[in-house]
Amino acid sequence: GEPRALGVFPLGDAMLHANPLAGRGCTIGWMSAYLLAEAWNEADGDALAFARALDESISREIVPAWRALLVLALRRARLVAAPRRRLPYGPAVNS
């Protein structure tokens, strides 16, 4: 869709949140800053073109990786929440 406000461009953690255990926060921050600089150079002073270009590049370059991290986090959460049973003379395991 169209941008809701021109001149406001969240980057990194302000744009989306990743599980700190995944170790992707800095990467997302650097990538979004790089994409912002690219979009700025392409837009040639047109605020709407800049917003559209930034949104398009973030959707293409960052969102798929973020979605993959979300899937992994949900899988891990299910694994941790799974009932555990004790084996005789052994550690607890997931059933």
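Just so you know, these numbers come straight off a predicted model, no measurement behind them.

## Quick word on the overall build of the chain
When helices and strands are counted, the chain shows three helices and two strands. Reading the helices (α) and strands (β) of the chain from amino to carboxyl end gives α-α-α-β-β. Taking all 95 residues of the chain together, the buried fraction comes to 16%. Taking contacts inside the chain between residues at least 6 apart in sequence as the whole, the part at least 24 apart equals 42%. If you sum the accessible surface of the chain, you get close to 7300 Å²; carbon and sulfur atoms cover 60% of it.

## Some details on the confidence of the model for the chain
Averaged over every residue, the pLDDT of the chain is 82; residues scoring 70 or more account for 82%. By mean pLDDT, the top-scoring element of the chain is helix 2 (residues 47-61) (92), and the lowest-scoring one is strand 2 (residues 92-94) (60).

## Describing unusual backbone geometry
Not every positive phi belongs to a glycine, and Asp 44 is a case in point at roughly 55°. In this fold, Asp 44 is placed in the loop between helix 1 (25-43) and helix 2. Accessibility expressed as a relative area gives 72% for Asp 44, which makes it exposed.

Rules used in this analysis
Residues numbered from 1 in each chain as written. Predicted model: local features only at pLDDT ≥ 70, side-chain atom pairs only at ≥ 80, totals over all residues. Heavy atoms only, no water. Helix = DSSP H or I, 4+ residues; strand = E, 2+ residues; numbered from the N terminus. Buried < 20%, exposed > 50% of the residue type's maximum accessible area, 1.4 Å probe, protein only. Contact = heavy atoms within 4.5 Å. Areas by Shrake-Rupley, 256 points an atom, 1.4 Å probe, with all protein chains shown as cover. pLDDT = per-residue confidence, 0-100.

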